[in-house]
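Here is what each chain is made of, one letter per residue.
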Amino acid sequence: MKFLVKLFSSVFFLGYIPVASGTFASAFAVLPYLLLQGSSAYFPVLAVLFFFGVYVSGKAEKVFNEKDPHRVVIDEVAGFLTAMAFLPYGIQWIAAGFILFRLFDIWKPFPIMQSQKLPGGWGIMVDDILAGVYANIVLQVVVIMVGRN
């Protein structure tokens, strides 16, 4: 069981990369985005990923014996997919979503930082979902502005 918790919470051990593991996991998230983009399965998969992430990252805290272990990066995958929801397809949107998601995830404006205080896997997952929501809002505004020109 511990092996599976480590495997999934670290997104197939990407979380074990010693530097910028969250960035690597976010880059990995482009693959499921490409597979799901435009599919009716996008939101069901995102919902399952979120709740599975809450469960497995909560277990990972116990396995690693620390709060929000740096090896847990399943939250980055869910956060990036959130950032990309309802956006047009294109490399420019993927790049902008990636950059904005990483910026909001690192910067952690209100209430992202505060959400990390939620218990167990909730705190691990919710902050990245919120970073994805912030990135998505910015990108939706850009979509609207570009559409007006």
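Residues numbered from 1 in each chain as written. Predicted model: local features only at pLDDT ≥ 70, side-chain atom pairs only at ≥ 80, totals over all residues. Heavy atoms only, no water.

K.L.:
Describe the overall build of the protein, listing the residues and the values that go with them.
P.N.:
Assigned secondary structure in the protein consists of 8 helices and 0 strands. Reading the helices (α) and strands (β) of the protein from amino to carboxyl end gives α-α-α-α-α-α-α-α. At 15 Å, the protein has a C-alpha radius of gyration in line with the 15 Å of a compact globule built from 149 residues. Taken over the C-alpha atoms alone, the protein extends approximately 55 × 30 × 30 Å along its principal axes. Counting only residues that meet the buried cut, the protein has 48% of its 149 residues in that class. A total of about 7,800 Å² of accessible surface is found on the protein, and carbon and sulfur atoms cover 74% of it. Computing the positive centroid from 10 side-chain charges and the negative centroid from 8, the protein places the two 4 Å apart. (Helix = DSSP H or I, 4+ residues; strand = E, 2+ residues; numbered from the N terminus. Rg over C-alpha atoms; globule rule 2.2 N^0.38 Å. Buried < 20%, exposed > 50% of the residue type's maximum accessible area, 1.4 Å probe, protein only. Areas by Shrake-Rupley, 256 points an atom, 1.4 Å probe, with all protein chains shown as cover. Lys, Arg positive; Asp, Glu negative; His and termini not counted. Charge placed at Lys NZ, Arg CZ, Asp CG, Glu CD.)

K.L.:
Would you mind going over unusual backbone geometry in detail, with residue names and values included?
P.N.:
In the segment running from Phe 110 into Pro 111, the intervening peptide bond is cis, with an omega of 0°. When you line up the elements, Pro 111 lands in the loop between helix H6 (91–107) and helix H7 (112–115). Phi angles above zero are rare outside glycine, and Phe 12 is one such case at about 60°. Structurally, Phe 12 is set in the loop between helix H1 (2–9) and helix H2 (21–28).

K.L.:
How would you explain a nonpolar patch on the surface if you had to name every residue and give the values?
P.N.:
A cluster of nonpolar side chains, namely Met 1, Phe 3, Leu 4, Phe 8, Phe 12, Phe 13, Tyr 16, Val 48, Phe 52 and Tyr 55, defines an oily patch on the protein surface of about 1,000 Å² accessible area. Going through the elements one at a time, H1 and helix H4 (42–64) are the ones with two or more residues in the nonpolar patch. As for its placement among the helices and strands, Phe 13 is situated in the loop between H1 and H2. Relative accessible area serves as the criterion here: at 32%, Phe 13 is assigned to the partly exposed category. (Patch = residues over 30% accessible without salt bridge, like charges linked within 9 Å, V, L, I, M, F, W, Y side chains within 5 Å. Salt bridge = Lys/Arg side-chain N within 4 Å of Asp/Glu carboxyl O.)

K.L.:
I'd love a proper account of the environment of Ala 60, names of residues and values included.
P.N.:
Topologically, Ala 60 is positioned in helix H4. Once the C-alpha coordinates of Ala 60 and Pro 18 are considered, the two residues, 42 residues apart in sequence, prove to be 18 Å apart. Those residues within four positions of Ala 60 in sequence are excluded, and the remaining contacts are Val 5, Ser 9, Asn 65, Pro 69 and Val 72. (Contact = heavy atoms within 4.5 Å.)

K.L.:
An account of the packing of aromatic side chains is requested, with residue identities and associated values reported.
P.N.:
The tally for this structure, following the rule as stated, stands at 15 aromatic pairs. Taking 6.3 Å as the distance between ring centres and 85° as the angle between the ring planes, the aromatic pair formed by Tyr 33 and Tyr 42 counts as edge-to-face. The class for Tyr 42 is buried, based on a relative accessible area of 6%. Plain terms: the ring middles of Phe 51 and Trp 122 are 6.2 Å apart, the flat faces sit at 80° to each other, and that makes the pair edge-to-face. Of this pair, Phe 51 sits in helix H4 while Trp 122 sits in helix H8 (residues 120–148), and the two are 71 residues apart along the sequence. Through a chain of ring-to-ring contacts, three or more aromatic side chains come together here, namely Tyr 33, Tyr 42, Phe 43, Phe 80 and Phe 86. (Phe/Tyr/Trp six-rings, centres within 6.5 Å; stacked < 30°, edge-to-face > 60°.)

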